[in-house]
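Descriptive analysis of the structure
Okay, here's what each chain looks like letter by letter:
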Amino acid sequence: IIGGVKMVDGETDKVYALSTDGTNIYYYRANNKHLYLYDGEEETDLMDGYIPPEEDKIIYTYYEDMEQYEGELYFINMRDAGRLYKYNIDTDSEFRITNLQVADMAVNGEYLYYATVRFGVNFDLYKMDLETGLEERISVDKCYHLAFSGDKIYYANFSGGNTLNSMNFDG
């Protein structure tokens, strides 16, 4: 089965911007604008009591992102509708990696994980071996804000409700 396990519900307050210190997962909830900590068992609001200022609207877009691996920079090229590219520092050359739009990405070890967008409605998470270039689809969910800890990928699952989920590195 391709997919993950829900760790934290995000239906009311959407989960974004995952990060980890190797022990805890940190994330932001856009609706209440609070930073949270998840220790594997429970969620802690690190900004309890904070009241954010009122805003007219929130604009959601794909993310400008860049990752480095052995002298090559992988980036979401916003000049090419969000497609994934790599730039080789030594040769000063640029290559398109995928024809699909990419909304988010992260490197873990020798693998690049990237979330694709097709026609604005189909979302998949891929894992690409940076040594061989072989890629594999590991989820059909809308997986953003990837963080890695132990043998798990933690991510905000934007398919259906917005939740904090985890899955193995192979999906």
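Residues numbered from 1 in each chain as written. Predicted model: local features only at pLDDT ≥ 70, side-chain atom pairs only at ≥ 80, totals over all residues. Heavy atoms only, no water.

**Here's the deal with unusual backbone geometry**
We note that Glu70 has phi near 45 degrees; this positive angle belongs to a residue other than glycine. In this structure, Glu70 sits in the loop between β6 (66–69) and β7 (72–77). (Helix = DSSP H or I, 4+ residues; strand = E, 2+ residues; numbered from the N terminus.)

**Details of the packing of aromatic side chains**
According to the stated counting rule, one finds five aromatic pairs in the structure shown. A ring pair is formed by Tyr144 and Phe158, whose centres lie 5.3 Å apart and whose planes are at 45 degrees; its orientation type is tilted. Residue Tyr144 is found in strand β13 (residues 143–149), and its partner Phe158 is found in the loop between β14 (152–157) and β15 (163–168); the two are separated by 14 residues along the sequence. Each of the two residues, Tyr144 as well as Phe158, counts as buried. Ring geometry for Phe148 and Phe169: centres 6.1 Å apart, planes at 55 degrees, overall tilted. On the criterion of sequence distance, the pair formed by Phe148 in strand β13 and Phe169 in the segment after β15 is long-range, its members being 21 residues apart. On the basis of relative accessible area, Phe169 is assigned to the partly exposed category, the value being 24%. Pairwise contacts between aromatic rings join Tyr113, Phe148 and Phe169 into one cluster. (Phe/Tyr/Trp six-rings, centres within 6.5 Å; stacked < 30°, edge-to-face > 60°. Buried < 20%, exposed > 50% of the residue type's maximum accessible area, 1.4 Å probe, protein only.)

**Describing the nonpolar core**
Among the nonpolar cores identified, the biggest contains 29 residues, and Leu18, Tyr27, Leu125, Leu146, Ile153 and Leu164 are the most heavily contacted of them. Counting residues in hydrophobic clusters, the runner-up holds eleven residues, among them Tyr74, Ile76, Val102 and Leu112. (Core = buried A, V, L, I, M, F, W, Y, C linked by side-chain atoms within 4.5 Å.)

**Some details on the sheet that holds β14**
Strand order in this open sheet of four strands is β1-β15-β14-β13, and the pairing throughout is antiparallel. In this open sheet, the two edge strands, each paired with only one partner strand, are β1 (5–8) and β13. The sheet shows a mean angle of 35 degrees between the axes of neighbouring strands, taken without regard to direction. Across five bridges, β13 lies against β14 in antiparallel orientation. Paired with Cys143 across the strands is Asn157, a residue of β14. (Pairing = 2+ DSSP bridges. Axes fitted to C-alpha atoms, helices over the stretch in contact; angles between N-to-C directions.)

**Concerning the pattern of salt bridges**
Summed over the entire model, instances satisfying the criterion amount to four salt bridges. Across the salt bridge formed by Asp80 and Arg96, the nearest N and O atoms sit 2.5 Å from each other. Linking Asp80 in the loop between β7 and β8 (83–88) with Arg96 in strand β9 (residues 93–108), this pair joins segments that are 16 residues apart in sequence. Asp80 gets classed as buried once you look at its relative accessible area, which sits at 16%. (Salt bridge = Lys/Arg side-chain N within 4 Å of Asp/Glu carboxyl O.)

**Observations concerning a nonpolar patch on the surface**
Together, Tyr28, Leu35 and Leu46 line one region of the surface with nonpolar side chains, adding up to about 240 Å² of accessible area. Mapped onto the elements of the fold, Leu35 is located in strand β4 (residues 34–38). (Patch = residues over 30% accessible without salt bridge, like charges linked within 9 Å, V, L, I, M, F, W, Y side chains within 5 Å. Areas by Shrake-Rupley, 256 points an atom, 1.4 Å probe, with all protein chains shown as cover.)

**A short note on the environment of Leu125**
Of note, Leu125 is situated in strand β11 (residues 122–129). Leu125 sits 19 residues away from Tyr144 along the chain, and the two C-alpha atoms are 8.8 Å apart. The residues touching Leu125, leaving out its near neighbours within four places in the chain, are Tyr113, Tyr114, Ala115, Glu136, Arg137, Ile138, Ser139, Asp141, Cys143, Leu146 and Met167. (Contact = heavy atoms within 4.5 Å.)

**A few points about the sheet that holds β8**
With antiparallel pairing, the seven strands of this open sheet are ordered in space as β6-β7-β8-β9-β10-β11-β12. Each edge of the open sheet is held by one strand with a lone partner, namely β6 and β12 (135–139). Strand-to-strand, the axes of this sheet are offset by a mean angle of 45 degrees, without reference to chain direction. Bridging between β9 and strand β10 (residues 111–118) involves seven bridges; their strand directions are antiparallel. In the strand pairing of β10, Asp104 is matched with Ala115.

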